[in-house]
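Remarks on the overall topology
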Amino acid sequence: KARVYKHAGHASAAARWMEEARKMDLADRYLNTKATRYLLRADCVPEAEATIALFTKDGGSTLHEMQCVWFELELAASYLRTGDYGRALKNFAHVEQHFADIGEDQFDFHTYCVRKMTLREYVKMV
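Read on for an overview of the structure.

The rules behind the values
- Residues numbered from 1 in each chain as written.
- Predicted model: local features only at pLDDT ≥ 70, side-chain atom pairs only at ≥ 80, totals over all residues.
- Heavy atoms only, no water.
- Patch = residues over 30% accessible without salt bridge, like charges linked within 9 Å, V, L, I, M, F, W, Y side chains within 5 Å.
- Areas by Shrake-Rupley, 256 points an atom, 1.4 Å probe, with all protein chains shown as cover.
- Salt bridge = Lys/Arg side-chain N within 4 Å of Asp/Glu carboxyl O.
- Helix = DSSP H or I, 4+ residues; strand = E, 2+ residues; numbered from the N terminus.
- Core = buried A, V, L, I, M, F, W, Y, C linked by side-chain atoms within 4.5 Å.
- Buried < 20%, exposed > 50% of the residue type's maximum accessible area, 1.4 Å probe, protein only.
- Contact = heavy atoms within 4.5 Å.

1. What about a nonpolar patch on the surface?
- Taken together, the side chains of Leu73, Leu80, Tyr85 and Phe92 define a hydrophobic patch exposed on the protein surface, amounting to about 380 Å² of accessible area.
- Listing elements by their share of the nonpolar patch, those giving two or more residues are helix H5 (69-82) and helix H6 (85-116).
- In this structure, tyrosine 85 sits in helix H6.

Given below as structure tokens:
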């Protein structure tokens, strides 16, 4: 039902039905993630943060350190829709920084391979 409401353009009804599905199996990470996405698309940010915090160690504060790009993109889009441009820009900048970090990590891999002489792994990456 949630998918039908989503495609019909009713984000709040879709979020409500996805939350209902999530409550049927509280240990399901997939349903938790989908419910969080639907809540963010319905611009229910506090509820979405509480939902995603169920499966993090520190109650959601580690999502930035874990480079959870999908959450930060959905959160930024939600802030953009509600007109909170400062928070939207902050989250979009976090995503950009994550990809810059990934690029730096790839450059660090070059020196690591030369130092450790793991040429097979180096050739796979290049």
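Now that the structure has been shown, we can carry on.
2. Focus on the nonpolar core
- Among the nonpolar cores identified, the biggest contains 19 residues, and Met18, Tyr38, Leu40, Phe71 and Leu75 are the most heavily contacted of them.
- Secondary structure elements with two or more residues in this core: helix H2 (11-24), helix H3 (29-41), helix H4 (45-52) and H5.
- With five residues, H3 is the single largest residue contributor to this core.
- Setting aside chain neighbours within four positions, we find phenylalanine 71 in contact with Thr36, Leu40, Glu49, Ile52 and Leu63.

3. Details of the pattern of salt bridges
- Within the structure shown, the criterion is met by four salt bridges.
- Measuring nitrogen to oxygen at the nearest pair gives 3.0 Å for the salt bridge that ties aspartate 43 to arginine 81. Residue aspartate 43 is found in the loop between H3 and H4, and its partner arginine 81 is found in helix H5; the two are separated by 38 residues along the sequence.
- For aspartate 43, a relative accessible area of 29% corresponds to the partly exposed category.
- Notably, a salt bridge pairs arginine 87 with aspartate 84, separated by 3.6 Å at the nearest N-O pair.
- Taking relative accessible area as the criterion, aspartate 84 reaches 28% and is therefore assigned partly exposed.

Don't take any of this as a statement about function, it's just geometry.
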